[in-house]
Amino acid sequence: MTKQTALVVCPGRGTYNAKELGYFNKYHSDKKFFLHELDTLRQSKGQRTISELDGAGKFSSGTHGTGENASLLIYACAMADFHAINREKYDIVAITGNSMGWYLALAASGTLSLMDGAHLVNEMGALMHKNGSGGQIVYPIVDSEWKTDPKRVQLVQNILEDSRKTKSVKIYTSIKLGGMIVFAANDAGLKYLMQNLPEEEHFPLKLNNHNAFHSPILDAIVPMAKSNLSASIFTPPSTPLIDGQGVIWQPYLANTQSLYDYTLGEQINSTYDFSAAINVGIKEFAPDKIIVLGPGTTMSAPVAQELIEQKWLNFAGKEDFKFRQSDDPFVISMGMDDQRKFAL
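Residues numbered from 1 in each chain as written. Predicted model: local features only at pLDDT ≥ 70, side-chain atom pairs only at ≥ 80, totals over all residues. Heavy atoms only, no water.

A. Highlighting the nonpolar core. With 108 residues, the main nonpolar core has Trp102, Leu104, Met124, Ile268, Ile290 and Leu307 as its most contacted residues. By residue number, the principal contributor to this core is helix 5 (residues 67-84), which donates 11 residues. Here Ile290 is in contact with Leu7, Val9, Ile282, Val303, Leu307, Phe330, Val331 and Ile332, once residues within four sequence places are set aside. (Core = buried A, V, L, I, M, F, W, Y, C linked by side-chain atoms within 4.5 Å. Buried < 20%, exposed > 50% of the residue type's maximum accessible area, 1.4 Å probe, protein only. Helix = DSSP H or I, 4+ residues; strand = E, 2+ residues; numbered from the N terminus. Contact = heavy atoms within 4.5 Å.)

B. Summary view of the packing of helix 5 against helix 7 (residues 114-131). Contact geometry of helix 5 with helix 7 gives a least axis separation of 7 Å together with a crossing angle of 155°. Judged on the interaxial angle alone, helix 7 and helix 5 are roughly antiparallel. In the packing of helix 5 onto helix 7, the handedness of the crossing is right-handed. Facing Gly67, Glu68, Ser71, Leu72, Tyr75, Met79 and His83 of helix 5, the residues of helix 7 in contact are Leu114, Gly117, Ala118, Val121, Asn122, Gly125, Ala126 and His129. Broken down by class, the residue content of the contact of helix 5 with helix 7 amounts to seven nonpolar, seven polar and one charged. (Axes fitted to C-alpha atoms, helices over the stretch in contact; angles between N-to-C directions. Parallel < 35°, antiparallel > 145°, perpendicular 65-115°, else oblique. Left-handed = near helix turned anticlockwise from the far one by under 90°. Nonpolar A, V, L, I, M, F, W, Y, C, P; charged D, E, K, R; others polar.)

C. Structural detail: the pattern of salt bridges. If you walk through the whole model with that rule in mind, you get nine salt bridges. As a salt-bridge pair, Asp81 and Arg340 come within 2.8 Å of each other at their nearest N and O atoms. You can see Asp81 sitting in helix 5 and its partner Arg340 sitting in helix 16 (residues 337-340), a full 259 residues away along the chain. When its relative accessible area of 5% is taken as the criterion, Arg340 is described as buried. With a closest N to O distance of 2.7 Å, Glu200 and Arg152 form a salt bridge. In this pair, Glu200 sits in the loop between helix 9 (187-196) and strand 6 (205-206) while Arg152 sits in helix 8 (residues 150-163), placing the two residues 48 residues apart along the sequence. Since its relative accessible area comes to 27%, Glu200 is described here as partly exposed. (Salt bridge = Lys/Arg side-chain N within 4 Å of Asp/Glu carboxyl O.)

D. Structural context of the environment of Phe24. With respect to the helices and strands, Phe24 occurs in helix 1 (residues 23-27). Residue Phe24 is classed as buried on the basis of its relative accessible area of 2%. Expressed as a C-alpha distance, the spacing of Phe24 and Leu35, which sit 11 residues apart in the sequence, is 8.8 Å.

E. Quick peek at the pairing of strand 5 (residues 180-185). Of all six residues that make up strand 5, six are buried, and the element is covered over most of its length. Burial along strand 5 is two-sided: the face carrying Met180, Val182 and Ala184 and the face carrying Ile181, Phe183 and Ala185 are both buried. Inspection of the sheet shows strand 4 (residues 171-177) paired to strand 5 by six bridges, in the antiparallel sense. Bridging from a neighbouring strand, Leu177 pairs with Met180 of strand 5. (Pairing = 2+ DSSP bridges.)

If you want it as structure tokens, here you go:
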């Protein structure tokens, strides 16, 4: 069998919802030792275990969606998915992630051990839960065919510029997420966005249990994170890493202190450009497939939107992408039952 190359994409917060309840137990009942280690970590912190959260009889946004619980729950599912990828079929040539997914990418690439990655994710989730502020709002900059709409792009720029005229309002670009912009804002900024962004279908969408990630609003988190987490756990990656600025961290060459400083610095308080990460991933590594780890199915659309923006493989729009995904998908979402099999 000839191996295909794959770019792996790790998910961020907001990907474990009601439909994903029981995800780990459903797909990874053979990974009990990993689950036990995560549960032990949680018990040492006086937190609910991953077994308890994933095995709950009912999903609760107030429980499953909070930073201190959602972060490691997503980590458990995503990392189990990563280790389930069939290495006889795929040569993983690069790894990236969205937002919190950067921490997962560090573990998947070997920069952090599996349990050091778990510790970092759990620590950051707790820090954000206890000390974070502000929130996030999502708004599309593409049309119904997932093609960039210049009018929407201008609207976003105008909103950002006009908001600066009011001192109490703080609004930033949090994530460039394919065909969507994720705003980070303080409470006054969230109110401003909801009042000034035109309503359509589900947008503007305020994300529950989210802080103003990737913005100066969280500057205070940086020294807290660095005081709780040591650079000594970082090692050079064994697989190329693409960060939230589109920078490639190469095996053997990556400076671990710089990786640490980025992870607990700019990654926290500066814009996360997931679109750039995908753009760099496809053009520098030309993968045969893109494998999006679960849980959830929300990450496939931003990936597809960036592929359409770059005219990669001549994807012409949303319907063209969906049609060409049907038999032999280029983007394999492990959170989708009908696509998961292609990764195994």
